Amino acid sequence: MSKPFPFAAIVGQEDMKKALLLAAVEPLLGGVLVMGDRGTGKSTAVRALAELLPKIETRSGCRYNCPPGAPQPACARCCTTGTGRPALVKIRTPMVDLPLGATEDRVCGALDIEKALVAGERAFEPGLLAAANRGFLYIDEVNLLEDHLVDLLLDAAASGVNVVEREGLSIRHAARFVLVGSGNPEEGDLRPQLLDRFGLSVEVRTIMDLKLRIEVIRRRDAYESDPDGFVAAWAKQDAAIGSQVVAARKILKQVAVPDAILFRLSQLCMRLGIDGMRGELTLMRAGRAAAALDGRMAVTWTDIEEVAPMVLCHRLRRDPMDEAGTTPRIERALAALDAGHGHA
């Protein structure tokens, strides 16, 4: 099986790549929603990102990807044995696909029917949330997924815990993952309350620059002709991006958000009529992650300006009288704030 297309080799789509990197640095952002035309590299980018991130350490055979020394109660059977704990192993950052036809049992886990019938044991069969722990859970065509499953996934992503209470089972296990959804808006929209739960949202369009389109064709053809050679040729650039994410994670908690920045980002959300406080919290976290990615220890207003469209566009109330769209509304609000305060 060949390795995924390199993240560094993806042509254009800078907003999508930036959003995915921010989510990789700060899982508390709440995931990424990528909507746009078919064939614009949405699934390619997600799989490529998971590949370039460092391997995670866990115990051999653990189906919950528990970190060493911190097994969850649910996985006591696979993290401990009569002769001691299994050996530590390093695995790739989990990248789990959730198919549209998945059942709730498949997603959350359920009673292991085979063990119940054959051995008479009441055992838990982990689901996709367990497999995605400490990694990514990717849903293609998320706008076609049943609403109750999307609710369930967003709740687990926000809490970091999956709770199963049925069929005589009472299970809690870690489910810390970055939720990434993609879809084509022509096939339907997500409900507004679900949109709001995604931390970042970006729109991708078919590339219309002739030179870039030709470069896409060339790189894809080179990859399909010799996947291993193409991946090797981009390995250095991918490794640099992976190192950037690791370095950003290390300093993230130390990155300062000045009071002046908090004041202005709150003003921005108020000016745009954003409901609730989730927009401001996400804007602060995204700005902090952006600064960390850049290796800086303090957030600037430029960081906020760069991430504001992907944080706030999907949270704006629909304005039928404004044909310009959501991004221009945010740009106008930012310009008004800059005029009132001076650019910092």
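Residues numbered from 1 in each chain as written. Predicted model: local features only at pLDDT ≥ 70, side-chain atom pairs only at ≥ 80, totals over all residues. Heavy atoms only, no water.

Enquirer: How would you sum up the overall build of the chain? Please name residues and give values.
Expert: Along the backbone of the chain there are 15 helices and 11 strands. Excluding contacts between residues fewer than 6 apart, the proportion of contacts in the chain whose partners are at least 24 apart in sequence is 76%. Counting only carbon and sulfur atoms, one obtains 53% of the accessible surface of the chain, whose full area is about 17,100 Å². (Helix = DSSP H or I, 4+ residues; strand = E, 2+ residues; numbered from the N terminus. Contact = heavy atoms within 4.5 Å. Areas by Shrake-Rupley, 256 points an atom, 1.4 Å probe, with all protein chains shown as cover.)

Enquirer: So what's going on with the sheet that holds strand β4 (residues 95–97)? Which residues, and what values?
Expert: Taking strand neighbours across the sheet as the criterion, the five strands line up as β4-β7-β10-β1-β11 in an open arrangement whose pairing is parallel. The open sheet has two edge strands, β4 and β11 (200–204), and neither has a second partner. Looking at each pair of strands side by side, their axes are set apart by 20 degrees on average, direction ignored. Of the strand pairs in this sheet, strand β1 (residues 32–36) and β11 are connected by five bridges, and their pairing is parallel. Its bridge partner lying in β11, M35 is registered against E203. (Pairing = 2+ DSSP bridges. Axes fitted to C-alpha atoms, helices over the stretch in contact; angles between N-to-C directions.)

Enquirer: Residues and numbers for the confidence of the model for the chain, please.
Expert: Mean pLDDT over the chain stands at 82; residues scoring 70 or higher make up 87%. For the chain, helix α3 (residues 76–79) is the element with the lowest average pLDDT, namely 54, and helix α13 (residues 278–293) is the one with the highest, namely 94. When the criterion is pLDDT under 50, residues 320–324 qualifies, and its contacts beyond four places in sequence or with other chains add up to three contacts. (pLDDT = per-residue confidence, 0-100.)

Enquirer: Lay out the nonpolar core with the relevant residues and their values.
Expert: If you look at the biggest cluster of nonpolar residues, it comprises 68 residues, and the most contacted ones within it are F7, L20, L22, L200, L268, L283 and L312. Once residues within four sequence positions are removed from consideration, L312 is found in contact with L268, C269, L272, I274, G279, L283 and I330. (Core = buried A, V, L, I, M, F, W, Y, C linked by side-chain atoms within 4.5 Å. Buried < 20%, exposed > 50% of the residue type's maximum accessible area, 1.4 Å probe, protein only.)

Enquirer: Give a description of the packing of aromatic side chains that names residues and reports values.
Expert: The description of an aromatic ring pair rests on the distance of the ring centres and on the angle between the ring planes. In the structure shown here, the tally under the stated rule is four aromatic pairs. Residues Y223 and F230 carry aromatic rings whose centres are separated by 6.0 Å and whose planes lie at 70 degrees to one another, so their mutual orientation is edge-to-face. An identical accessibility class is assigned to Y223 and F230; each is buried. Every member of this aromatic cluster is reached through a ring pair, and the members are F5, Y223, F230 and W234. Directly above the ring of W301 sits R264, whose terminal nitrogen or CZ lies 4.2 Å from the centroid. (Phe/Tyr/Trp six-rings, centres within 6.5 Å; stacked < 30°, edge-to-face > 60°. Lys NZ or Arg CZ within 6 Å of the ring centre and 35° of its normal.)

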